[in-house]
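# Survey of secondary and tertiary structure
Here are the chains, one letter per residue:
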Amino acid sequence: MMLEDHAGDIIHKARNAAKVPLATAATAAGLSPAELERLEATGACEQKPDWNALASVLGLHGSKLEAVAHGWLPQPPELRRWRELRPITTTQGGNTVNCYLLWDPSTRSAALFDTGWNMAPIQELIEENRLELKYLFLTHSHQDHVAALKILQITWPNVVLFFGPRNQCPALNQLLTGCMTLGSLCISARETPGHSEDGVTYVINNFLGNPSPVAMVGDCLFAGSMGRGFQSAKLLKQKVQKHILSLPSETLLCPGHGPLTTVAQEKAQNPFFP
Ligand SMILES: [Zn+2]
């Protein structure tokens, strides 16, 4: 799976967040404004930019940015370590999104994190593994993450729904406090606004004897990048640092877009976090 954001997307996001004009960033990079514009659009550039100077005016890390430009990808995790966890990827109109199903094998009760665009692959997994869908946790209420919510609630009327605070549907608002158990698993919530006001990261501990937690981060963090700061890029960055990158280094991070990653890899390679 390709990264959600190429180097140009990262530069564009960081430049918008820091309100740096195109010409200023181009001068720092040693490029013409047209060359930088092309780099932002495609992630590629015929001329080698001065990565460190460009990164420093944008608040990014130069060599990490350069590594993304040169094709860095996270090591695919050994998903067998988290046996009963399934990423589900759906696409509509060119927008690809991930949601995740996990379950406890002894009780066969399952939790779904976001819905993605359509219910079919979720239903297939549930039927194939003879699961009971008990909980649905939403990382935030952007359309691509909740598109199948209505049909899911009709199909499984007893599923308990958890949203972040300040979401657009207060009637549905149920913020997870403490630890919600799913068999031997413990699911807790951390408020991570910034990409959206209702952003929540869910951390799953005691994953079937695996000492490393799993975190469902929605669009807060992508492998090698982060989500757009629709609410506030600065707030998002703070929340990612405080609530996600502070997790144990082997924590498996499950983003809403792009490949799976880990805390250790993001600390080492994510250009937004010098
Ligand atoms: Zn989003």
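What you see is a predicted model, and the numbers here were worked out from it, not measured in a lab.

Further remarks concern the domain arrangement of the chain. Frequently, the measure chosen for interface size is the accessible area removed from exposure when the parts meet. Examined at the domain level, the chain breaks down into domain 1 (7-69) and domain 2 (79-269). For domain 1 versus domain 2, the distance between C-alpha centres works out to 31 Å. Each partner contributes residues to the interface: domain 1 has seven residues there, and domain 2 has eleven residues. Summed over both sides, the interface of domain 1 with domain 2 buries roughly 570 Å², with 50% coming from carbon and sulfur.

When the charged atoms of two side chains with opposite charge come close together, those side chains can pair. Applying the stated criterion to the full structure yields six salt bridges. Two residues, Glu-78 and Arg-80, come together in a salt bridge whose shortest N-O distance is 2.7 Å. Here Arg-80 falls in the exposed class, since its relative accessible area comes to 65%. The partner of Arg-83 in a salt bridge is Glu-84, with the nearest N and O atoms 3.8 Å apart. The partly exposed category is assigned to Arg-83, whose relative accessible area is 49%. Note on Glu-84: relative accessible area 11%, which makes it buried.

Bringing the coordination of the zinc ion into the picture now. Distances from the zinc ion to its protein donors, namely His-140 (NE2), His-142 (ND1), His-195 (NE2) and Asp-219 (OD), fall within the range 2.1 to 2.3 Å. Each of the four donor atoms bound to the zinc ion contributes to angles spanning 89 to 171°, and the resulting shape is irregular. Mapping the donors of the zinc ion onto the primary sequence gives the spacing H-x1-H-x52-H-x23-D. With His-140 in the loop between strand E4 (132-137) and helix H7 (143-146) and His-195 in the loop between strand E7 (185-191) and strand E8 (200-205), this pair connects stretches of sequence that are 55 residues apart. Taking relative accessible area as the criterion, His-140 reaches 2% and is therefore assigned buried.

What follows is about the layout of surface pockets. Empty space within the largest pocket amounts to approximately 780 Å³. Lining the largest pocket we find 37 residues, and of these Asp-5, Lys-13, Met-226, Gly-227 and Arg-228 sit closest to its centre. Mapped onto the lining of the largest pocket, the elements with two or more residues apiece are helix H1 (7-18), strand E2 (95-103) and helix H9 (233-244). By residue class, the composition of the lining of the largest pocket is 13 nonpolar, 14 polar and ten charged. Composition of the lining of the largest pocket by domain shows at least three residues from each of domain 1 (7-69) and domain 2 (79-269). The computed volume of the second largest pocket comes to approximately 190 Å³. As for the second largest pocket, its lining consists of Met-2, Leu-3, Glu-4, Asp-5, His-6, Ala-7, Gly-43, Val-68, Ala-69, Gly-71, Trp-72 and Leu-73. Considering only residue class, the lining of the second largest pocket consists of seven nonpolar, three polar and two charged.

Under the 1.5 Å per step criterion, the end-to-end length of H1 is 16 Å for twelve residues, consistent within 8% with the ideal 16 Å. Residues Ala-7, Gly-8, Ile-10, Ile-11, Lys-13, Ala-14 and Arg-15 constitute the buried set of H1. Elements in contact with the buried residues of H1: helix H2 (22-29), helix H3 (33-42), helix H4 (51-58), helix H5 (62-69), strand E10 (221-222) and strand E11 (225-226). Looking at the residues trailing H1, positive phi occurs at Lys-19, about 55°.

Looking now at the packing of aromatic side chains. Applying the stated rule across the entire model yields six aromatic pairs. Look at Tyr-135 and Phe-137: their rings are 5.9 Å apart centre to centre, the planes differ by 55°, and that puts the pair in the tilted class. Note on accessibility: Tyr-135 and Phe-137 belong to one class, buried. Considering the side-chain rings of Phe-137 and Tyr-202, the 5.0 Å spacing of their centres and the 55° angle between planes classify their relative orientation as tilted. You can see Phe-137 sitting in strand E4 and its partner Tyr-202 sitting in strand E8, a full 65 residues away along the chain. With respect to class, Phe-137 is no different from Tyr-202; both count as buried. Each residue in the set Phe-113, Tyr-135, Phe-137, Phe-162 and Tyr-202 is aromatic and connected to the rest through ring pairs, giving one cluster.

Let us look at the pairing of strand E3 (residues 109-113). Looking along a regular strand, one sees side chains alternate from face to face of the sheet. Within E3, five of the five residues are buried, leaving the element largely enclosed by the surrounding structure. Side-chain alternation along E3 places Ser-109, Ala-111 and Phe-113 on one buried face and Ala-110 and Leu-112 on a second face that is also buried. The hairpin formed by E2 and E3 contains five residues between the paired strands, and Arg-108 there has a positive phi angle of roughly 60°. Here E3 pairs with E4 via five bridges, running parallel. Within E4, the position partnered with Leu-112 by the bridge is Leu-136.

What counts, and at which threshold
Residues numbered from 1 in each chain as written. Predicted model: local features only at pLDDT ≥ 70, side-chain atom pairs only at ≥ 80, totals over all residues. Heavy atoms only, no water. Domains from an automatic or database assignment. Contact = heavy atoms within 4.5 Å. Buried area = accessible area lost by both parts, 1.4 Å probe. Salt bridge = Lys/Arg side-chain N within 4 Å of Asp/Glu carboxyl O. Buried < 20%, exposed > 50% of the residue type's maximum accessible area, 1.4 Å probe, protein only. Donors = N, O, S within 2.8 Å, 3.2 Å for Na, K, Ca; no water. Tetrahedral: all angles 85-135°; square planar, octahedral: opposite > 155°, others 65-115°. Helix = DSSP H or I, 4+ residues; strand = E, 2+ residues; numbered from the N terminus. 1 Å grid on protein atoms, 1.4 Å probe; cavity = no way out; pocket = protein on both sides within 12 Å on 5 of 7 lines; lining within 4 Å. Points joined across faces, edges and corners; volume = space filled by probe spheres on them. Nonpolar A, V, L, I, M, F, W, Y, C, P; charged D, E, K, R; others polar. Expected span 1.5 Å × (residues − 1). Phe/Tyr/Trp six-rings, centres within 6.5 Å; stacked < 30°, edge-to-face > 60°. Pairing = 2+ DSSP bridges.

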